[in-house]
Amino acid sequence: MKTLRFGIEIETVGASRQKLAHAIQGAVGGHVSGDYQGWQVTDTQGRTWKVVPDGSLSGGEYSGEIVSPILTYQDLDALQQVVRAAREAGARADASTGIHIHVDGSRFDAKGVTNLVKMVHKQERLLETALGVSATRLARYCRPIDGAFLQRLEARRPRTLQEVNVQLVLALAARALASKAASSKRRDFNPATAKYDFRVFLLHLGLIGEEFKTARLHLLKHLEGSAAWKGQRRDRRSPGGNGTPGSEGAQGGNGSDVGGERNEALAA
């Protein structure tokens, strides 16, 4: 996962493109140039961040799409600084905005892309709910994977990238590259256990430990249920037990179940 290159496009309203460009400069250094058609920030590494107009956004002149240069995992802190600077400049999201993440496809062969399609299809409802994707965006911009396309993909068993056409994100991409095969059976979506189910999937992707604590927090916050237990709570196992109802540690469970979490992740 940490070796994959990616780029990101962040659509915003509430701030002018010029103001966004200067906010980005404050986060990454370098110098600003541009006009009403678009602004560029050349950072201290010589990379170009762009702020361009997008006619689909509701803010008119007070809107813009932030387009990053090619980034690596080591740039996540800088990217976070850019997001914070844009927010402080007045940028915000509304129903017209979205975010796009492009992962470098140069390492993908047909097997990797096929694995990626199957993985996303299997977990799609959890991903949509965890990321808060609205029904409007699902109907128009973020269309779910078409079942008929998946059937054709499996039937043809493509051997070259020219036979396949699609796109997705870092941990999913890394897992797809590493997997020998993937199941395309769609997982039933149960709102009552969604938080637990998605947490197990995140562990399956390797998003374990303090480094990914913030990612897990944000990805799980829109889901219902307990992150720690799928069925009846094990912290109510017996009278006089020392479990605390409702408690979930930073990793979503107590220390004695870490091995169990990994085993459940592998079975996801």
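None of these values were measured; they are calculated from a predicted model. (Residues numbered from 1 in each chain as written. Predicted model: local features only at pLDDT ≥ 70, side-chain atom pairs only at ≥ 80, totals over all residues. Heavy atoms only, no water.)

### A closer look at the packing of helix H7 (residues 194–204) against helix H8 (residues 213–220)
Viewed as axis vectors pointing N to C, H7 and H8 meet at an angle of 150°, and their least axial separation amounts to 10 Å. In terms of their interaxial angle, H7 and H8 are classed as roughly antiparallel. As for the relative orientation of H7 and H8, their crossing is right-handed in sense. Listed contacts from H8 to Lys195, Phe198, Arg199 and Leu202 of H7 are Arg216, Leu219 and Leu220. Grouping the constituent residues of the contact of H7 with H8 by class yields 4 nonpolar, no polar and 3 charged. (Axes fitted to C-alpha atoms, helices over the stretch in contact; angles between N-to-C directions. Helix = DSSP H or I, 4+ residues; strand = E, 2+ residues; numbered from the N terminus. Parallel < 35°, antiparallel > 145°, perpendicular 65-115°, else oblique. Left-handed = near helix turned anticlockwise from the far one by under 90°. Contact = heavy atoms within 4.5 Å. Nonpolar A, V, L, I, M, F, W, Y, C, P; charged D, E, K, R; others polar.)

### Topic: the sheet that holds strand S3 (residues 38–42)
With respect to topology, 6 strands assemble into an open sheet ordered S2-S3-S4-S5-S1-S6, the strand pairing being antiparallel. Both edges of this open sheet fall to strand S2 (31–35) and strand S6 (99–103), since each of them pairs with a single strand only. Recorded for the sheet is a direction-independent mean angle of 15° between the axes of neighbouring strands. Pairing of S3 with strand S4 (residues 48–52) involves 4 bridges; the strand directions are antiparallel. By the bridge assignment for S4, threonine 42 is matched with threonine 48. Packed onto the sheet, helix H2 (residues 76–88) meets strand S1 (6–13), S4 and strand S5 (63–67) and runs at close to 10° relative to S1. (Pairing = 2+ DSSP bridges.)

### What about the pattern of salt bridges?
Inspection of every chain in the model, using the stated rule, returns 5 salt bridges. Close ionic contact of glutamate 128 with arginine 125 constitutes a salt bridge, the shortest N to O distance being 4.0 Å. Of this pair, glutamate 128 and arginine 125 both sit in helix H3 (residues 110–130), 3 residues apart, which is roughly one turn of the helix. When its relative accessible area of 38% is taken as the criterion, arginine 125 is described as partly exposed. (Salt bridge = Lys/Arg side-chain N within 4 Å of Asp/Glu carboxyl O. Buried < 20%, exposed > 50% of the residue type's maximum accessible area, 1.4 Å probe, protein only.)

### Here we look at the nonpolar core
Of all hydrophobic cores here, the largest spans 28 residues; its most connected members are Phe108, Phe198, Leu202, Leu220 and Leu223. Sorting the residues of this core by element identifies H3, helix H5 (147–156), helix H6 (170–178), H7 and H8 as the ones contributing at least two each. With 8 residues, the top contributor of residues to this core is H3. In this view, leucine 223 contacts Leu126, Thr129, Ala130, Ala194, Lys195 and Phe198; residues no more than four positions away in its chain are not counted. Core analysis: the second largest hydrophobic core is formed by 18 residues, Phe6, Val28, Trp49 and Val82 among them. (Core = buried A, V, L, I, M, F, W, Y, C linked by side-chain atoms within 4.5 Å.)

### Examining the confidence of the model for the protein chain
Mean pLDDT over the protein chain stands at 79; residues scoring 70 or higher make up 80%. Here residues 161–165 is modelled with pLDDT under 50, and outside its nearest four sequence neighbours on either side it reaches 10 contacts, counting other chains as well. The low-confidence segment residues 234–268 (pLDDT under 50) makes 45 contacts with residues lying over four places distant or belonging to another chain. (pLDDT = per-residue confidence, 0-100.)

### Describing the packing of aromatic side chains
Here the structure, examined in full by the defined rule, presents 1 aromatic pair. On the basis of an interplanar angle of 35° and a centroid distance of 5.9 Å, the ring pair of phenylalanine 198 and phenylalanine 201 is categorised as tilted. On the criterion of helical spacing, the pair formed by phenylalanine 198 and phenylalanine 201 is a turn pair, its members being 3 residues apart in helix H7. Take phenylalanine 198 and phenylalanine 201: they sit in the same class, and that class is buried. (Phe/Tyr/Trp six-rings, centres within 6.5 Å; stacked < 30°, edge-to-face > 60°.)

### A short note on H3
Compared with an ideal rise of 1.5 Å per residue, which puts 21 residues at 30 Å, H3 spans 28 Å between its outermost C-alpha atoms and is within 8% of the ideal. When you tally the buried positions in H3, you get 18 out of 21 residues, the bulk of the element. Taking the backbone nitrogen of lysine 111 as reference, a side-chain oxygen 3.2 Å away marks aspartate 109 as the first, capping residue of H3. The first or second residue beyond H3 is glycine 132, which carries a positive phi of 65°. (Expected span 1.5 Å × (residues − 1). Polar contact = N/O pair within 3.5 Å; in protein donor to acceptor, adjacent residues only side chain to side chain.)

### Considering the side chain of serine 63
Within the fold, serine 63 resides in strand S5. Of the residues examined, serine 63 reaches a relative accessible area of 1% and is grouped as buried. Excluding anything up to four places from it in sequence, serine 63 contacts Thr12, Val13, Ala15, Arg17 and Leu57.

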